[in-house]
Amino acid sequence: MMADAAPLPEPPARRPDFEDDFTAPQLREDCWVDHYLPHWTSPERSRAHYDINGSGLRLLIDADQLDWREEDAPLRVSNLQTGVFSGPAGSRRGTHRHRPDGLVVRTQTPQRLLWAPTAGRVEVTVSASVNEGCMLAAWLVGTEHLSEKDSGEICIFEIDADAVGEAMSHARCGVKAHSDGRLTTDMTDVGLPLDASRPHTWTAIWGPSGTVIGCEGAIVKRTSQSPHYPLFLMIDLFEIGPRSGTDASYPKSAHLHRVRGWDTVSTECFR
């Protein structure tokens, strides 16, 4: 069931600091890096597959798409993120060290901080995938460019394709500590009275007073925790497990319709 159902606060009464409705004919390079954590793998494996059509940007998993890393196979990803950071090749410095098996930088990637607020609000409008084996997710992850400790994550949503229904869908959201000892992982499964394969909007608000996550204007998760350091936004389509179906089943897809974000250090939005 919906974890809270109280209404979300209204967004700031000013223009967003970050906004994209994906109406431009090409991906905006001032907003997005179209690779999934490219420093931990090779460019041909991290590169996002996507197209832009009249309803936004469509993240794709193609039949011939490579696994993100050979060690993680079978796992294919198409991702957009609002920046990137890594240390030199061979080091263990880099954004989102999410695996415990010792990720090492394979492709040194120049630092790009396109949008990395320490506190703020973001709204992400998506249509989730219903293709077998897929998951659509949006995360705010610590950039780690200031400290390796800054690795926590706000999981705005994770939606498995088999959790999408016409009248009810299910998602996961909350906070993941990863290697930030100042945080405790706190994730919640929420039921949503909607078809998540249709356009719907997720919101995350975070700052000194904690984190609020909402869907379609209603709060679904509250926590007193919040990472207090710069965060990149990542929006990902995964195909997890062996390829399923025939070549005619591909590309598998999910839609990204709009993103708006505001930078703020105010606690006003939590009242």
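The structure this text deals with has already been given above.
Rules and cut-offs
Residues numbered from 1 in each chain as written. Predicted model: local features only at pLDDT ≥ 70, side-chain atom pairs only at ≥ 80, totals over all residues. Heavy atoms only, no water. Helix = DSSP H or I, 4+ residues; strand = E, 2+ residues; numbered from the N terminus. Rg over C-alpha atoms; globule rule 2.2 N^0.38 Å. Contact = heavy atoms within 4.5 Å. Areas by Shrake-Rupley, 256 points an atom, 1.4 Å probe, with all protein chains shown as cover. Salt bridge = Lys/Arg side-chain N within 4 Å of Asp/Glu carboxyl O. Buried < 20%, exposed > 50% of the residue type's maximum accessible area, 1.4 Å probe, protein only. Core = buried A, V, L, I, M, F, W, Y, C linked by side-chain atoms within 4.5 Å. Pairing = 2+ DSSP bridges. Axes fitted to C-alpha atoms, helices over the stretch in contact; angles between N-to-C directions. Polar contact = N/O pair within 3.5 Å; in protein donor to acceptor, adjacent residues only side chain to side chain. Phe/Tyr/Trp six-rings, centres within 6.5 Å; stacked < 30°, edge-to-face > 60°.

J.: Can you help me understand the overall build of the protein in this one?
T.: Within the protein, the regular secondary structure consists of 1 helix and 16 strands. In terms of C-alpha radius of gyration, the protein reaches 17 Å, essentially the compact-globule figure of 18 Å for 271 residues. Seen through its principal axes, the protein has C-alpha atoms that stretch 50 × 45 × 35 Å. Put simply, of all contacts in the protein between residues at least 6 apart along the chain, 70% involve residues at least 24 apart. As displayed, the protein offers around 11,500 Å² of accessible surface, 49% of which is attributable to carbon and sulfur atoms.

J.: Help me understand the pattern of salt bridges, please; the structure alone is not making it clear to me.
T.: Side-chain pairing between opposite charges can occur once the charged atoms of the two side chains come close. If you walk through the whole model with that rule in mind, you get 21 salt bridges. Residues Asp186 and Lys221 are paired through a salt bridge, measuring 2.8 Å at the closest nitrogen-oxygen approach. Highlighted residues: Asp186 in strand 11 (residues 186–192) and Lys221 in strand 14 (residues 218–223), separated in sequence by 35 residues. A residue is classified by how much of its surface remains accessible, and Lys221, at 8% relative accessible area, is buried.

J.: I'm lost on unusual backbone geometry in this one. Help?
T.: What is expected of a backbone is that most residues other than glycine have negative phi and most peptide bonds are trans. Cis geometry is found at the peptide bond from Ala73 to Pro74, where omega equals 0°. Along the chain, the position of Pro74 falls in the loop between strand 3 (56–61) and strand 4 (75–81). Going from Tyr250 to Pro251, the amide bond is cis rather than trans, its omega being 0°. Unusually for a residue other than glycine, Leu37 sits at a positive phi of about 40°. Following the sequence through the fold, Leu37 ends up in the loop between strand 1 (18–20) and helix 1 (43–46). Positive phi, normally seen in glycine, also occurs at Glu216, with a value near 50°.

J.: Before we go on, may I ask you to explain the nonpolar core in this structure?
T.: Across soluble globular proteins, nonpolar side chains show a tendency to be buried alongside one another. Among the nonpolar cores identified, the biggest contains 48 residues, and Trp32, Val122, Trp202 and Val259 are the most heavily contacted of them. Val259 has contacts with Phe18, Glu19, Asp20, Phe22, Trp32, Val122, Glu123, Val124, Leu233 and Ile235, leaving out every residue within four places of it along the chain. Counting 16 residues, the second largest nonpolar core, distinct from the first, contains Trp40, Leu75, Val77 and Cys155.

J.: Just checking my understanding: could you explain the sheet that holds strand 8 (residues 134–142) for this structure?
T.: In a beta sheet, neighbouring strands pair by backbone hydrogen bonds and run either parallel or antiparallel. Read across the open sheet, the 6 strands follow the order 4-15-8-9-10-11; overall the sheet is antiparallel. Here the strands that pair on one side only, and so sit at the sheet edges, are strand 4 and strand 11. The sheet shows a mean angle of 20° between the axes of neighbouring strands, taken without regard to direction. With 7 bridges connecting them, strand 8 and strand 9 (residues 153–160) associate as antiparallel partners. Across the sheet, Met135 pairs through a bridge with Asp160, a residue of strand 9.

J.: Would you mind showing me how to read the pairing of strand 16 (residues 252–263) here?
T.: Here is the key point about a regular strand: its side chains alternate between the two faces of the sheet. Buried residues dominate strand 16, accounting for 10 of its 12 residues. Direction of pairing for strand 1 relative to strand 16: antiparallel, over a ladder of 3 bridges. Each bridged residue has a counterpart across the sheet, and for Phe18 the counterpart in strand 16 is Gly261. Pairing analysis gives 5 bridges linking strand 3 to strand 16, with the strands arranged antiparallel.

J.: How do you make sense of the environment of Ile213 when you look at a structure like this?
T.: Tracing the chain through its elements places Ile213 in strand 13 (residues 210–215). Setting aside residues up to four positions removed in sequence, Ile213 forms contacts with Ile154, Cys155, Ile156, Cys173, Gly174, Trp202, Thr203, Ala218, Ile219, Val220 and Lys221.

J.: What exactly am I supposed to notice about the side chain of Asp67 here?
T.: In this fold, Asp67 is placed in the loop between strand 3 and strand 4. Within the structure, Asp67 has its side chain in polar contact with the backbone nitrogen of Leu75 (distance 2.8 Å). Excluding residues that lie within four positions of it along the chain, Asp67 makes contacts with Arg45, Ala73, Pro74, Leu75 and Arg76.

J.: Please explain the packing of aromatic side chains as it appears in this structure.
T.: Each aromatic ring pair is summarised here by two numbers: the centre-to-centre distance and the angle between the ring planes. Per the stated rule, a full pass over the model turns up 7 aromatic pairs. Plain terms: the ring middles of Phe18 and Trp115 are 5.0 Å apart, the flat faces sit at 25° to each other, and that makes the pair stacked. In this pair, Phe18 sits in strand 1 while Trp115 sits in the loop between strand 6 (112–113) and strand 7 (120–127), placing the two residues 97 residues apart along the sequence. Assigned by exposure class, Phe18 and Trp115 land together as buried. Their ring planes at 85° and their centres at 5.6 Å tell us that Tyr36 and Phe238 sit as a pair that is edge-to-face.

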